[in-house]
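Commentary on secondary and tertiary structure
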Amino acid sequence: MTELASARIRETIFSVLAQRGQPAPAEDEPLFSTGRLDSLAATEVLTMLEADFGIDLADEDFDILQIDTLRDIEALLSTRKAA
């Protein structure tokens with residue numbers, strides 16, 4: 001994962017949280033499972049990941065909890081880009 005990619009992920013997550021009046025999360029802080037981000041935010045995040053990183057997250061086995069933390073998002077992108 002490049003620094004630019006990591007910065008883009010954080011920028012998006014921080015922006016979505018700020019719009020909801022929430023502070024920036026820690027690296028391993030759950031976002032979706034704790035309700036900090038809802039289904040609308042999930043759509044925003046997934047759209048950004050697909051558009052910016054060219055990965056398809058539409059498979060039926062995808063679970064939003066696979067991207068529950070910043071670290072999870074980066075790990076998923078690393079494996080999807082490597083594949």
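Keep in mind the model is a prediction, meaning the values are calculated, not measured. (Residues numbered from 1 in each chain as written. Predicted model: local features only at pLDDT ≥ 70, side-chain atom pairs only at ≥ 80, totals over all residues. Heavy atoms only, no water.)

The next thing to look at is the pattern of salt bridges. Inspection of the entire model under this criterion finds eight salt bridges. Residue E11 pairs with R8 through a salt bridge whose shortest N-O separation is 3.4 Å. With E11 and R8 both in helix 1 (residues 3–19) and three residues apart, the pair spans about one turn of that helix. Classification of E11 as exposed rests on a relative accessible area of 51%. Under the relative-accessibility criterion, R8 is labelled partly exposed at 29%. Measuring nitrogen to oxygen at the nearest pair gives 3.6 Å for the salt bridge that ties E44 to R20. Of the two residues, E44 is situated in helix 2 (residues 39–53) and R20 in the loop between helix 1 and helix 2; the sequence distance between them amounts to 24 residues. (Salt bridge = Lys/Arg side-chain N within 4 Å of Asp/Glu carboxyl O. Helix = DSSP H or I, 4+ residues; strand = E, 2+ residues; numbered from the N terminus. Buried < 20%, exposed > 50% of the residue type's maximum accessible area, 1.4 Å probe, protein only.)

What follows deals with the packing of helix 1 against helix 2. One can describe the packing of helix 1 onto helix 2 by two numbers: an axis separation of 11 Å at closest approach and a directional angle of 160°. Taken together, helix 1 and helix 2 sit at an angle that is classed as roughly antiparallel. Where helix 1 crosses over helix 2, the two elements pack in a sense that is right-handed. Counted together, A5, R8, I9, T12, I13, V16 and Q19 of helix 1 and A41, E44, V45, M48, L49, D52 and F53 of helix 2 form the full contact between these two elements. (Axes fitted to C-alpha atoms, helices over the stretch in contact; angles between N-to-C directions. Parallel < 35°, antiparallel > 145°, perpendicular 65-115°, else oblique. Left-handed = near helix turned anticlockwise from the far one by under 90°. Contact = heavy atoms within 4.5 Å.)

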